[in-house]
Amino acid sequence: MKSLLPLLLLASSAFANDVVSANENTNCSWPLNMPAASLLLVGEVHGTNEAPALIGNLACASATSGSPVVVAMEIPIEEQTSLDNFLASKGSDADQAALLASQFWTRQPQDGRSSAAMLQLLHRLRSLRLEGARISVLAVDDGTPGSRDAGMASRIRAAHNAVPAVIALLGNVHASREKGRQSAPDYEPAGYLLSDLNPHSLYVRGPAGTAWVCVPECGVTAIPDNRHVGDKRGYLPAIGVIPGYDGLYAPASSTASPPAVN
């Protein structure tokens, strides 16, 4: 864990003299009625366009205060150096090719964590940094069987201790603050392990649509609508509605995002 500290301290001090100037064409608004927690756990169905786009909006809105923001992502920790290099780059074709050359982006099969929408999110965060936003990305998945959630929680906790705002994009199982699953009553998700930090857990799912998921074959798959949402959109309270979650966010659509590398 000590190896993370230089990165997190850099996130706190980098761009100290820069001024955030939000692009007028970028959505930097915080969702209406949604609490602005210092630790936000966002649970997604991997493989949509909408969840990564929401993270970009949230990071942009958080960064307008001038404070550092860490975006934690369910990406292998081995990708950290290539992520840092890409975020510090100009985003050229060569810069993108260097990012996408790793095993994470080229493995088979490909799940939604390495989608085109996730790549677009990294491009947006890189652009916001060029405008002066104090944003860094933290890979939190060590891939260790049986303890992935503990590892993710530990790295998110370290980030939360180092910077004022952490936004974590995780699968909706990992972001839950409730212990146990139907098939595994002793399962402790990352959100549960972070409950003492009082995070705000947000479930992202709205109307029926599609996602790139592996069930077990990977591809574009129909996903049903969130029955708790109805025709409502945006932020809604979820306490007592979806176990383990404080709020839910219903985007206007749910559309599949295929792998960034085919």
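Structure's up top.
Everything numeric in this text was worked out from a predicted model, so none of it was measured.

Visitor: Describe the overall build of the chain, listing the residues and the values that go with them.
Guide: If you tally the helices and strands in the chain, you get eight helices and nine strands. In summary, the chain has a C-alpha radius of gyration of 17 Å against a globular reference of 18 Å for 262 residues, a match within 12%. Based on the C-alpha atoms only, the size of the chain along its principal axes is roughly 45 × 40 × 40 Å. Residues classed as buried in the chain amount to 53% of the 262 residues present.

Visitor: Go over the nonpolar core, please, and point to the residues and values.
Guide: Membership of the largest hydrophobic core comes to 39 residues, with the highest contact counts inside it found for Val 42, Leu 125 and Ile 135. The element that contributes the greatest number of residues to this core is helix α2 (residues 50-63), accounting for seven residues. Dropping the residues within four chain positions of it, Leu 125 is found in contact with Ala 59, Val 71, Leu 87, Ile 135 and Val 137. By size, the runner-up hydrophobic cluster in this structure holds 26 residues, among which are Met 152, Ala 153, Ile 156 and Leu 236.

Visitor: An account of the layout of surface pockets is requested, with residue identities and associated values reported.
Guide: Quantified by volume, the largest pocket comes out at close to 360 Å³. Taken together, 14 residues line the largest pocket, and the ones lying closest to its centre are Asn 172, Val 173, Ser 176, Arg 181 and Pro 243. A per-class count over the lining of the largest pocket returns seven nonpolar, five polar and two charged.

Visitor: So what about the state of the cysteines? Which residues, and what values?
Guide: Applying the stated criterion to the full structure yields two disulfides. One disulfide in the model links Cys 28 with Cys 60; its S-S distance is 1.6 Å. Residue Cys 28 is found in the loop between α1 (5-13) and β1 (39-44), and its partner Cys 60 is found in helix α2; the two are separated by 32 residues along the sequence. The pair formed by Cys 28 and Cys 60 is uniform in burial state, with each residue classed as buried. Regarding the disulfides, the chain carries the connectivity 1-2, 3-4 under sequence-order numbering of its bonded cysteines.

Visitor: Talk me through helix α6 (residues 116-130); I want residue IDs and the actual numbers.
Guide: In a regular helix each residue adds 1.5 Å, so 15 residues correspond to 21 Å; α6 covers 21 Å between its end C-alpha atoms and thus fits that length. Among the 15 residues that make up α6, 11 are buried, leaving the element largely enclosed by the rest of the structure.

Visitor: Go over the side chain of Thr 48 with me, naming the residues and quoting the values.
Guide: Considering the arrangement of structural elements, one finds Thr 48 in the loop between β1 and α2. The buried category is assigned to Thr 48, whose relative accessible area is 8%. A polar side-chain atom of Thr 48 sits 3.4 Å from the main-chain amide nitrogen of Ala 51. Sequence-distant contacts of Thr 48, defined by excluding residues within four places in its chain, comprise Ala 117, Thr 210, Ala 211, Thr 255 and Ser 257.

Visitor: Tell me what's going on with unusual backbone geometry, and back it up with residues and numbers.
Guide: Residue Pro 109 is reached from Gln 108 by a cis peptide bond, and omega for that bond is 0°. Note on placement: Pro 109 falls in the loop between α5 (103-106) and α6. Note the cis peptide between Val 215 and Pro 216, where omega equals -5°. The topology assignment puts Pro 216 in the loop between β6 (209-214) and β7 (218-223). At Asn 33, a residue that is not glycine, the phi angle is positive and equals roughly 70°. Phi is positive for Asn 198, which is not a glycine, with a value near 55°. Residue position: Asn 198 is located in the loop between α8 (190-193) and β5 (200-204). With a relative accessible area of 58%, Asn 198 lands in the exposed category.

Rules behind the numbers
- Every chain's residues receive numbers from 1 upward, in the order its sequence appears when written.
- Only residues with pLDDT of 70 or above have their local features reported here, since the model is predicted, and side-chain atom pairs are shown and tallied only from 80 upward, although totals for entire chains, interfaces and linings are computed over all residues.
- Processing note: side-chain calculations cover all non-hydrogen atoms of the structure and skip hydrogens and water entirely.
- Numbering of helices and strands runs from the N terminus, with a helix taken as a DSSP run of H or I at least four residues long and a strand as a DSSP run of E at least two residues long.
- C-alpha atoms define the radius of gyration in this analysis, and the globule rule sets the expected value at 2.2 Å times the number of residues to the power 0.38.
- Only protein chains enter the accessibility calculation, which uses a 1.4 Å probe; a residue is then buried when its area is under 20% of its type maximum, exposed when over 50%, and partly exposed in between.
- In plain words, nonpolar cores are sets of buried Ala, Val, Leu, Ile, Met, Phe, Trp, Tyr and Cys residues tied together by side-chain atoms within 4.5 Å.
- The contact criterion used throughout is that any non-hydrogen atoms of two residues lie within 4.5 Å.
- Buriedness for pockets is judged along seven lines, at least five of which must meet protein on both sides within 12 Å for an open set on the 1 Å grid over protein atoms alone, while cavities are sets there where a 1.4 Å probe fits but cannot get out, and lining residues have an atom within 4 Å of a point.
- Grid points are joined across faces, edges and corners, and a volume is the space filled by probe spheres set on the points.
- Note that Gly is not counted as nonpolar here; it falls among the polar residues with everything else outside the nonpolar set of Ala, Val, Leu, Ile, Met, Phe, Trp, Tyr, Cys and Pro and the charged set of Asp, Glu, Lys and Arg.
- Cysteine sulfur atoms are paired as a disulfide whenever they come within 2.5 Å of each other.
- Multiplying 1.5 Å by the residue count of a helix minus one yields the expected span of that helix.
- Whenever two N or O atoms come within 3.5 Å, that pair is a polar contact, provided that in protein one can donate a hydrogen and the other can accept it, and provided that, for residues adjacent in sequence, both atoms are side-chain atoms.

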